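# Notes for the structure review
What follows is the residue order along each chain.
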Amino acid sequence: MALLVRVLRYQASISQWVPACSRLVPVSPTQGQWGRTLSGTSQKIKIAALRMYTSCVENTDFEEFFLRCQMPDTFNSWFLITLLHVWMCLVRMKQEGRSGKYMCRIIVHFMWEDVEQRGRVMGVNSYILKKNMILMTNNFYAAILGYDEGILSDDHGLAAALWRTFFNQKCEDPRQLELLVEYVRKQMQYLDSMNGEDLLLTGEVSWRPLVEKNPQSILKPHSPTYNDEGL
């Protein structure tokens, strides 16, 4: 495995991440944008959001995307792949009402915290990192809008959104676009088949492979297991 992939995929355990990331959500009704004290339920949702974001970076085969989509092995490529999977999680969780939308905000916070930390691990100059974070933030929200329009459109509309954002308007092989459109469609169908309450409690998400060895293997996932505290 390439060194960069090993660096990008480095991730602390859930027990190590939760205390550090808990500062991302205010605990006082007078602090931050949430404006309310965290209840036991929202604490569980926050942990589930961390697990869901972690699934985007731990359970995705980045090397397969690099190979089949002819992407350079760079931090930007990692971000584009991660962004796509985070967006799919956001689309799914927005269907779960207020709790799901709250979870979406936490997932995005974890993503930016992770991006910043990975940039530091790679030795990116603080000034350059801050400048790049602003650029990536703008690209992120533009991508979300484009993907949202694409998923509601036909395959041509989705392909156009992926061409603009994921491939940065540089894809010359239509088979790569076709592969990615198929991947997004089947993955969204797979996520939709997961129980919403389970996702809010556990955040456990699995991803279909980019290329299915056996198309018949796309089945409804089993419900996850969790303890009395929803963990």
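Remember, it's a predicted structure, so these values are computed and weren't measured experimentally.

By secondary structure assignment, the location of isoleucine 144 is in helix H7 (residues 126-152). By relative accessible area, which is 10% here, isoleucine 144 ends up buried. Once you skip the residues sitting within four places of it in the chain, isoleucine 144 turns out to touch Trp87 and Leu90.

This brings us to the pattern of salt bridges. This model, assessed by the stated rule, comprises 8 salt bridges. The partner of glutamate 96 in a salt bridge is arginine 92, with the nearest N and O atoms 2.7 Å apart. What makes glutamate 96 partly exposed here is its relative accessible area of 23%. The buried category is assigned to arginine 92, whose relative accessible area is 4%. Here glutamate 116 and arginine 120 are joined by a salt bridge, their closest N and O atoms 2.6 Å apart. Taken together, the residues glutamate 116 and arginine 120, both in helix H6 (residues 97-121) and 4 residues apart, mark about one turn of the helix. Accessibility expressed as a relative area gives 53% for arginine 120, which makes it exposed. Each of Lys186, Arg208 and Glu212 takes part in salt bridges that share partners, so that together they form one network.

Bringing helix H8 (residues 155-165) into the picture now. Along H8, the residues classified as buried are Leu158, Ala159, Ala161 and Leu162. When H8 is viewed along its axis, its buried side chains cluster within an angular range of 160 degrees and face the same direction. In the core, the buried residues of H8 are packed alongside helix H5 (75-93), H7 and helix H9 (174-192). Measuring from the side-chain oxygen of the N-cap residue of H8 to the backbone nitrogen of histidine 156 gives 3.2 Å; that N-cap residue is aspartate 154.

A few words on the state of the cysteines. Tallying each qualifying case throughout the model produces 0 disulfides. Here cysteine 104 stays unpaired: no disulfide links it, and the sulfur of cysteine 89, its closest cysteine neighbor, is 8.8 Å away. A relative accessible area of 6% means that cysteine 104 is categorised as buried. The thiol sulfur of cysteine 171 is not disulfide-bonded, and the nearest other cysteine sulfur, from cysteine 69, lies at 7.8 Å.

As enumerated under the stated definition, the model contains 9 aromatic pairs in all. Ring centres of phenylalanine 75 and tryptophan 78 lie 5.4 Å apart, and the angle between their planes is 40 degrees; on these two criteria the pair is classed as tilted. Here tryptophan 78 and phenylalanine 75 lie together in helix H5, a separation of 3 residues that amounts to about one turn. The two residues phenylalanine 75 and tryptophan 78 agree in class, both being buried. Between arginine 208 and the ring centre of tyrosine 190, over which it is positioned, the NZ or CZ distance is 5.3 Å.

Each value, and the rule that gives it
Residues numbered from 1 in each chain as written. Predicted model: local features only at pLDDT ≥ 70, side-chain atom pairs only at ≥ 80, totals over all residues. Heavy atoms only, no water. Helix = DSSP H or I, 4+ residues; strand = E, 2+ residues; numbered from the N terminus. Buried < 20%, exposed > 50% of the residue type's maximum accessible area, 1.4 Å probe, protein only. Contact = heavy atoms within 4.5 Å. Salt bridge = Lys/Arg side-chain N within 4 Å of Asp/Glu carboxyl O. Arc of directions from axis to C-beta. Polar contact = N/O pair within 3.5 Å; in protein donor to acceptor, adjacent residues only side chain to side chain. Disulfide = S-S within 2.5 Å. Phe/Tyr/Trp six-rings, centres within 6.5 Å; stacked < 30°, edge-to-face > 60°. Lys NZ or Arg CZ within 6 Å of the ring centre and 35° of its normal.

Without other data, these values stay purely geometric and don't point to any function.
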